[in-house]
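Residue-level structural notes
Chain residues, written in single-letter form:
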Amino acid sequence: MRRWLWLVVLGAVVMGGQASGAVAVRRTADGIPHVKADNWHDLGVGVGHAQASDALCTLAEAFVTFEGRRAYFFGPDAQPSHDATFGRSKNLDLDFFFRAVADDTVVARYRAEQPPDLVALIEGFADGYNRHLREVRQQEPRGAHRVCRNEPWVREISANDIYRRMFAANIAAGYSRFVKELAQASPGRAAVPQASVTPSLRDRLALRVGDQPGIGSNMLAFGGEATGGDGAVLLGNPHWFWGGPDRFYQMHLTIPGRLDVAGVAFLGIPVVMIGFNRDVAWSHTVSEARRFGLFDLVLDPADPTRYRVDGEWAAMDAREVVVPLREGSVSRTFYRTRFGPVVDLGAHHEAFGWRAGHALAVRDVNADNFRVFRNFFFWNQATSLDDFIAIQRREAALPWVNTSAIARGDGRVWYADIGTVPNVSDVHREACATPKARMFATLDASTPFLDGTRSACDWPSSAGAVQPGTMPAEGMPSLLRGDYVANMNGSYWLNNVHQPLTGYPAVMGGERQPLSLRSRLGHRMAIALASGGAASSRVLGERVRHDALWPRAHSAELFKADLLAAVCAAPAGRVAEACRVLRQWPDTANAGDRGALLWGTFWRQLAGLPEAERYRVAFSADAPLDTPRAANGDDPRVGDALRAAVAELDGKGWPLDAPLRGHVYMRGGAARVPLYGGCHEAGYFVIACRADTGGADVLQSHANTYLQVVRFGPRGPEAYTLLSHGEPESAEEGGAGLSAMRRYARKDWLRFPFDERDIERDPAARTRQLVR
């Protein structure tokens, strides 16, 4: 183990802030770390130390989760306290899941696929994390570290813990959608069958990642045609988790002459996943493409662990998985077929369960994709838009996201959904359909559901694909434009209204389908900005920053007048008060706006009406931004919905004209920081969507997290950023976390200090040097 000494320097940083052979961790406004080192390992040391100093307890719990030891430390029936991409299943099921799918073989395969410099970076991260843990155990720490530093579940880590963490990110849109159904799959403990499809299965299949609608992002990119020929502008705007292991961490990483990149990554990841360097900037949204598929198995009547393929019986691979408890242990057998592990969906519908004669196997395309973070590693060093695109096409590695990018001195903007997707053409899907497949298609027409009795129905390999069974990059959607591209978690079909992309298989997510209200608003914003006559990228960037935080409720802009016309024609009592509030409401959700809470509740009550009955004019693919339209306010159920909304707020003791600030906020110790925005379903571009946890704190839900608006000037990137939840895992002590939250609340974009002279001049600058 290397020996290191920390030196603390307060005030301005001199001589670049770094002694020879040292790692400098320089903090600027809101506690953002700028890590500078001479080599990859030492850079990792700085990143690991910085992340641990801000989020030790969250990281330590995450490493316990990915190792599969939650039941031992926290009890088998308890659940994680925060949402994450893997949900909040019981600890025992999470342990079986991760021990089964992220075992030592997977870790070894992941490591073997990484370039040596990335391996060194990962190993350095573990060393830096461990260094910080030793420090806090030798002194009295502040903040959240006091809670966990001596807990038995807080331990030193190795590079293997980082690889497990990476793999957990890989499978967020695949295996992690079915933690309980994989962990409990067994022929001896079949789920209680349901005769009809449960809403939970339909709802789960409608989500790509996480358990809540709206988890995802907005991204807009504007080219030279929108800036008067003055380069490009990018907005990145993820709506993500405010707490837990998948929250974003903002950082700036530098190796002089080799790397200079800033942005965010998930906790536990040592490379930038959304961000910018001196030459390129990029962002992501969650993709509509399916990243897993199901196989319909026929089982041996005499042995439910044998399945038929090409007329022969094949034995499932049975592996015992043992989970330790405080007293003893629990074991289950994990069954895998040639197509993937057995998944039991019988609790959702009996046809999809593991029962006599039949079972399902699930295959996650990213379970064999070990290129994800090397793709980001190479992107962090990209030197042009063409270089960035070439890396994306070569690696075809992105696990479940769309991409948009711009570059220095380049008037083009890039959109692509190029990554790992099952190579299932519509012809292959039809040729391998079964009766169950046709039933499943009524729930989800895009996820492949194929005949498991024929080896020919596995995902075909393509000569141009990087990974067997995946689509080749040249067969996936992409777009280069000079005006704009925009994606708000819609499919590849419409990322520029002037150039729809068509002709791709259903597994990519579908085309000529209704857009979400958020997508409709995002495109309207993009078109207005692109055609607004901005004289330069600087001017356009200012407009983008304003519009990105203006919390318009597009549902109200489009439909409020129609919905209120009939129900408010002759209202009485509390409904009359509700009509007055909604008519006076400006259709926005700023912290002081009165009516946003009532509208959000009313819109949610309306969601039960079938779309065909809610609107007078149905969706048309020829007018995707304008249809459906003309809400059917004469339907008596609209009045019922408004009365139900009034009753709901009355039941909570909330005034109908209560301002948003009292009910949607973030806690920072004793302080409550009011937020703005609303939920995806109501057509908000600005997201602050509260989970139903009995409180108003959005920590348990999702909202705007990291935002960046980037352009390139003569000195390189000019970036404005916000990290709404701040760097620390707890703002109880105030400081940098509370400062960042308040900055976001007042919409005060931070001009990111990217150049050395900007870092040195930052009034909040302080440096810690790790000297070998």
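Look up a bit, the structure's there.
Calculation notes
- Residues numbered from 1 in each chain as written.
- Predicted model: local features only at pLDDT ≥ 70, side-chain atom pairs only at ≥ 80, totals over all residues.
- Heavy atoms only, no water.
- Helix = DSSP H or I, 4+ residues; strand = E, 2+ residues; numbered from the N terminus.
- Rg over C-alpha atoms; globule rule 2.2 N^0.38 Å.
- Buried < 20%, exposed > 50% of the residue type's maximum accessible area, 1.4 Å probe, protein only.
- Contact = heavy atoms within 4.5 Å.
- Areas by Shrake-Rupley, 256 points an atom, 1.4 Å probe, with all protein chains shown as cover.
- Lys, Arg positive; Asp, Glu negative; His and termini not counted.
- Charge placed at Lys NZ, Arg CZ, Asp CG, Glu CD.
- Salt bridge = Lys/Arg side-chain N within 4 Å of Asp/Glu carboxyl O.
- Axes fitted to C-alpha atoms, helices over the stretch in contact; angles between N-to-C directions.
- Parallel < 35°, antiparallel > 145°, perpendicular 65-115°, else oblique.
- Left-handed = near helix turned anticlockwise from the far one by under 90°.
- Nonpolar A, V, L, I, M, F, W, Y, C, P; charged D, E, K, R; others polar.
- Polar contact = N/O pair within 3.5 Å; in protein donor to acceptor, adjacent residues only side chain to side chain.
- Phe/Tyr/Trp six-rings, centres within 6.5 Å; stacked < 30°, edge-to-face > 60°.
- Lys NZ or Arg CZ within 6 Å of the ring centre and 35° of its normal.

Topic: the overall build of the chain
Per the secondary structure count, the chain includes 22 helices and 31 strands. Relative to its length of 772 residues, the chain is compact, with a C-alpha radius of gyration of 26 Å against a globular reference of 28 Å. For the chain, the spread of C-alpha atoms along the principal axes amounts to about 70 × 70 × 50 Å. Within the chain, the fraction of its 772 residues that count as buried is 63%. Put simply, 70% of the contacts in the chain that link residues at least 6 apart link residues at least 24 apart. When the accessible surface of the chain is split by element, carbon and sulfur atoms take 49% of a total near 27000 Å². Both charge centroids of the chain, one from 88 positive and one from 86 negative side chains, sit 3 Å from each other.

Comments concerning the pattern of salt bridges
As enumerated under the stated definition, the model contains 57 salt bridges in all. The closest approach of N and O atoms between Arg743 and Asp30, which form a salt bridge, is 2.6 Å. Here Arg743 is found in helix H21 (residues 735–745), whereas its partner Asp30 is found in the loop between strand E2 (22–27) and strand E3 (33–36), with 713 residues between them in sequence. Given a relative accessible area of 11%, Arg743 falls into the buried group. When salt bridges with common partners are traced through the structure, they connect Asp260, Arg278, Arg715, Asp755, Asp758 and Arg761 into a single cluster.

Thoughts on the packing of helix H16 (residues 554–567) against helix H17 (residues 573–584)
What describes two packed helices is the angle between their axes and the distance between those same axes. In contact at an axis separation of 11 Å, H16 and H17 are set at 155 degrees when each is read in the N-to-C sense. Viewed along their axes, H16 and H17 adopt a mutual orientation that is roughly antiparallel. Here the hand of the crossing between H16 and H17 comes out left-handed. Contact residues: H16 offers Lys560, Leu564 and Val567, while H17 offers Val575, Cys579, Leu582 and Arg583. A class-by-class count of the residues in the contact of H16 with H17 yields 5 nonpolar, no polar and 2 charged.

Here we look at the side chain of His428
Along the chain, His428 falls in helix H12 (residues 426–431). By relative accessible area, His428 is classed as buried at 13%. Among the polar contacts made by the side chain of His428, one reaches the main-chain carbonyl oxygen of Cys457 at a distance of 3.3 Å. For His428, the residues in contact, after removing those within four places along its chain, are Leu450, Ala456, Cys457, Asp458 and Pro460.

Focus on the packing of aromatic side chains
Summed over all chains, the structure comprises 39 aromatic pairs. Each ring, one from Phe178 and one from Phe292, has its centre 5.3 Å from the other, and the planes form 80 degrees; the classification is edge-to-face. Taken as a pair, Phe178 in the loop between helix H7 (159–170) and helix H8 (179–183) and Phe292 in strand E10 (residues 292–300) lie far apart in primary sequence, 114 residues in all. Phe292 matches Phe178 in its accessibility class, with the two residues each being buried. One aromatic cluster is present, formed by Phe559, Trp585, Trp599, Phe602, Trp603 and Tyr615 through successive ring pairs. The ring of Tyr72 is capped by Arg326, whose NZ or CZ atom sits 5.1 Å from the centre of that ring. Note that Arg672 overlies the ring of Tyr665, its terminal NZ or CZ placed 4.2 Å from the centroid.

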